[in-house]
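Survey of secondary and tertiary structure
So the chains spell out like this:
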Amino acid sequence: MKKFLLILCSVFLLTGCSDKTIESSTSEIVSESTTESQTEEVTTETTTEETVSNVYEKQTYREVLENIYYNCKFPQYDEPFENYDLDISNNEFAVYDIDNDGRDELIFMFNDTYTAGMMGMIYDHNSDGNIFEEFIEFPSLRFYDNGVIEANISHNQGPSGDFWPYTLYKYDNETDSYIEIASVWSLGRDIIERQKEEAEKAGYEPYWEYPYEADTSNSGIVYIIILSDDEYSSESHYVDVTEYNAWHEQYIGDAKLLELPFMKLTEENIENVS
């Protein structure tokens, strides 16, 4: 399934970031051993968590925010990002135990930039104090108190009416990260019928056909649930609103939407982060 992908521009002038610079801490590098026994020892002591791609250098949340604010630098990228003369303080962050693991996470919303560059990220610390990335998506997010996140896609170009497609994630305690469950799209009957009428008048075949047989409740909308392990097959995934609601209920249930204490990325707010 197509996942959210993001490429930040590399090696740009730090336009829009503060003139102040800070010195980032560097990861300790284990020297290559020259003997077989030393190599085995290093290999044994290296944990799986330290070798995965989403683990970065040791930083406090305050240092992470300072690096973003002053250096235009995210933990997961080697090069600074281009800020396009925008006010970096318009971006937002919150420090909150979003996944209910007993530790606060850093939730950062990089939303004051061009659409393709927007990101919503959750950072945490591993047992060694290294920053790691729990989650990254387009920053149109709904957080629930049971560890579920619904992430709206960046663009909605399909005939879905008022429904905005999204991807559902759920926190996994074993991996300390968010697992993609499924993506959800929809087809709206009214908009498809209108597009069909316009196509017939213009003398060409309509792109969409509404699956009336799947709309058993005659609600005027059908859903497409694409599980993370599935290949896209539209015909096999059309479901009625009742089936969609039952599927959604098993993940949301009685969970409540969270109102996180987001604040602007200003020097004053950064200084108040421990």
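Just above, that's the structure.
Report on the accompanying structure. Since we're looking at a predicted model, the values are computed, not measured.

Attention now goes to the sheet that holds strand β6 (residues 141-143). As summarised here, the arrangement of the six strands in space is β6-β7-β8-β9-β10-β11, forming an open sheet in which the pairing is antiparallel. The open sheet terminates on both sides in strands that have one partner only, identified here as β6 and β11 (238-239). Helix α6 (residues 241-252) contacts β7 (148-152), β8 (166-172), β9 (177-188), β10 (221-227) and β11 of the sheet and is inclined by roughly 30 degrees relative to β8.

What follows covers the environment of Y69. Here Y69 lies in helix α3 (residues 61-71). Counting along the chain gives 201 residues from Y69 to I270, while the straight-line C-alpha distance between them is 8.9 Å.

What follows is about the packing of aromatic side chains. For the structure on display, the rule yields 17 aromatic pairs. Between F74 and Y77 the ring centres are 6.5 Å apart and the planes differ by 70 degrees, which places this aromatic pair in the edge-to-face class. Like Y77, F74 is buried. Positioned above the aromatic ring of Y166, the side-chain terminus of R142 is 5.5 Å from the ring centre.

Parameters and conventions
Each residue is numbered by its place in its chain's sequence as written, counting from 1. Per-residue local features are limited, in this predicted model, to residues with pLDDT of at least 70; the limit for side-chain atom pairs, both in listing and counting, is 80 or more; totals at the level of whole chains, interfaces and linings are taken over all residues. Only hydrogens and water are removed before side-chain values are computed, so all heavy atoms of the structure are retained for them. Paired strands, as defined in this entry, are two strands with at least two bridges between them according to DSSP. Strands are runs of DSSP state E lasting at least 2 residues, helices are runs of H or I lasting at least 4, and numbering of each runs from the N terminus. Contacts are assigned to residue pairs with any non-hydrogen atoms lying within 4.5 Å of each other. Orientation is described by lines fitted to C-alpha atoms, with helices fitted over the stretch in contact, and by angles between N-to-C directions that extend from 0 to 180 degrees. Here a Phe, Tyr or Trp ring, Trp counted by its six-membered ring, pairs with any other such ring whose centre lies within 6.5 Å, and the pair is stacked when the planes are under 30 degrees apart, edge-to-face when over 60, and tilted otherwise. Burial classification: accessible surface area is computed with a 1.4 Å probe over protein chains only, and a residue below 20% of its type maximum counts as buried, one above 50% as exposed, and the rest as partly exposed. By definition, being over a ring means that NZ of Lys or CZ of Arg is both within 6 Å of the ring centre and within 35 degrees of the ring normal.

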